[in-house]
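The residues making up each chain are set out below.
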Amino acid sequence: MSQSSDLIQSAQRTIRLELEAVQGLLPQIDADFVRACEMILASKGRVVVVGMGKSGHIGNKIAATLASTGTTAFFVHPAEASHGDMGMITRDDIILALSNSGSTNEIVTLLPLIKRLGIKLISVTGNPDSPLAKAAEVNLNVHVEHEACPLNLAPTSSTTAALVMGDALAVALLEARGFTAEDFAFSHPGGALGRRLLLKVENVMHAGQELPQVQRGTLLKDALMEMTRKGLGMTVILEADGKLAGIFTDGDLRRTLDRSIDIHSATIDQVMTAHGKTARAEMLAAEALKIMEDHKINALVVVDSDDRPVGALNMHDLLRAGVM
């Protein structure tokens, strides 16, 4: 029990110290932060992130976050930059350099070349009086009083602060650019998020000959045959002019049987759901899913601007498409 208590106390102490480090960043979101954002927004090049060791791992994540939120960015290892990779960086780019001490040798070595090429430099350091901070056009101060490491040696609170500052920078730039959910999805086309944000109803709906449909006045038994042929668990009911009159689903069939209605003599008009909820082909499939979830239904009719059915989809279609 004593060891368990010690472990819990150690973990809680770590979290408290890192929370303090993050809270300490709030006063550092100042004119320098604004200037850094303005430099990046005005740039015609990319943001090139550099960092060594743990700062390098944080830099990799910051570069990835920037790239996925509308700011073209990539990571370059500073040691590799000294051995050829500096050629990846152009005069139009901005270097975002991370070093808690601000005196990391591999980065400081690059400073004369950065200055010679006229490349703009933003530093993220814990020491505003360091060589790196003084060489930069703007320094983002991520100083922390204590590392969460009880020896005050392992980068913990400092790397958390740098990561949060990078997130703050990325999100501020995202909002300044008017970056949208659809823009975000284009950076993530292969994942579930991309499918949710890019896939439209027209990409998953059943249309043409696959759309089950009958006219008003059709016998219920014939409507059931149409449902069986098309296999969607529903059918659309049309007015004489081709507009949507209603929908009949497997759920409606169960409710019909509870009412002891003769399926051989009843017409679809007697048992259909009048009109029903609809979607548009150009809607995101995720929007159609929300309509279904909000109204606790499993199928939607897709209509055009004249309220004429052009397709249909159900929960299984969205599940197969990876929207759910």
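Residues numbered from 1 in each chain as written. Predicted model: local features only at pLDDT ≥ 70, side-chain atom pairs only at ≥ 80, totals over all residues. Heavy atoms only, no water.

Here's the deal with the sheet that holds strand 2 (residues 73-75)
Right, on to step 1. Read across the sheet, 5 strands follow the order 2-1-3-4-5 without closing on themselves; strand pairing throughout is parallel. Across the chains shown, the open sheet's two edge strands, defined by having one partner strand only, are strand 2 and strand 5 (138-141). Within the sheet, the average angular offset between the axes of one strand and its neighbour, ignoring direction, is 20°.
Right, on to step 2. Bridge analysis of strand 1 (residues 47-51) against strand 2 gives 3 bridges, and the strand direction is parallel. Within strand 2, the position partnered with Val47 by the bridge is Ala73.
Right, on to step 3. Lying on the sheet, helix 3 (residues 53-68) is in contact with strand 1, strand 2 and strand 3 (94-99); it crosses strand 2 at an angle near 160°. (Pairing = 2+ DSSP bridges. Helix = DSSP H or I, 4+ residues; strand = E, 2+ residues; numbered from the N terminus. Axes fitted to C-alpha atoms, helices over the stretch in contact; angles between N-to-C directions. Contact = heavy atoms within 4.5 Å.)

Thoughts on the domain arrangement of the protein
Right, on to step 1. Each assigned domain of the protein is listed with its residue range as follows: domain 1 (3-179) and domain 2 (201-321).
Right, on to step 2. For domain 1 and domain 2, the distance between their C-alpha centroids amounts to 54 Å. (Domains from an automatic or database assignment.)

As for the UniProt feature "domain: SIS" (unreviewed entry) in the protein
Right, on to step 1. Per the UniProt annotation, the sites labelled "domain: SIS" (unreviewed entry) are residues 36-179.
Right, on to step 2. Here residues 36-179 runs as 44% helix and 17% strand, with 18 Å between its end C-alpha atoms. (UniProt positions renumbered as here; feature names shortened; annotations may be inferred.)

Remarks on the UniProt feature "binding site: Zn(2+)" (unreviewed entry) in the protein
Right, on to step 1. The UniProt feature table records "binding site: Zn(2+)" (unreviewed entry) at His77.
Right, on to step 2. When its relative accessible area of 32% is taken as the criterion, His77 is described as partly exposed. (Buried < 20%, exposed > 50% of the residue type's maximum accessible area, 1.4 Å probe, protein only.)

Some remarks on the sheet that holds strand 6 (residues 213-215)
Right, on to step 1. Reading across the sheet, the 4 strands line up as 6-7-8-9 and stay open at both edges, with mixed pairing between neighbours. Of all strands in the sheet, those with a lone pairing partner are strand 6 and strand 9 (273-274), marking the two edges.
Right, on to step 2. Note: strand 8 (residues 244-249) against strand 9, 2 bridges, orientation antiparallel. Following the sheet pairing, Ile247 is matched in strand 9 by Thr273.
Right, on to step 3. Contacting strand 8 and strand 9, helix 13 (residues 250-258) runs over the sheet at an angle of about 75° to strand 8.

Things to note about the packing of helix 3 against helix 8 (residues 157-177)
The description of two helices packed together rests on the angle between their axes and the distance between the axes.
Right, on to step 1. At their nearest, the axes of helix 3 and helix 8 sit 9 Å apart, and the two run at 15° to each other. The angle between helix 3 and helix 8 falls in the class roughly parallel. Considering how the two elements wind past one another, helix 3 and helix 8 form a crossing that is right-handed. Here Lys54, Ile58, Lys61, Ile62, Thr65 and Leu66 of helix 3 come into contact with helix 8, specifically with Thr159, Ala162, Leu163, Gly166, Asp167, Ala170 and Leu173.
Right, on to step 2. Each residue belonging to the contact of helix 3 with helix 8 can be placed in one class, and the counts come to 7 nonpolar, 3 polar and 3 charged. (Parallel < 35°, antiparallel > 145°, perpendicular 65-115°, else oblique. Left-handed = near helix turned anticlockwise from the far one by under 90°. Nonpolar A, V, L, I, M, F, W, Y, C, P; charged D, E, K, R; others polar.)

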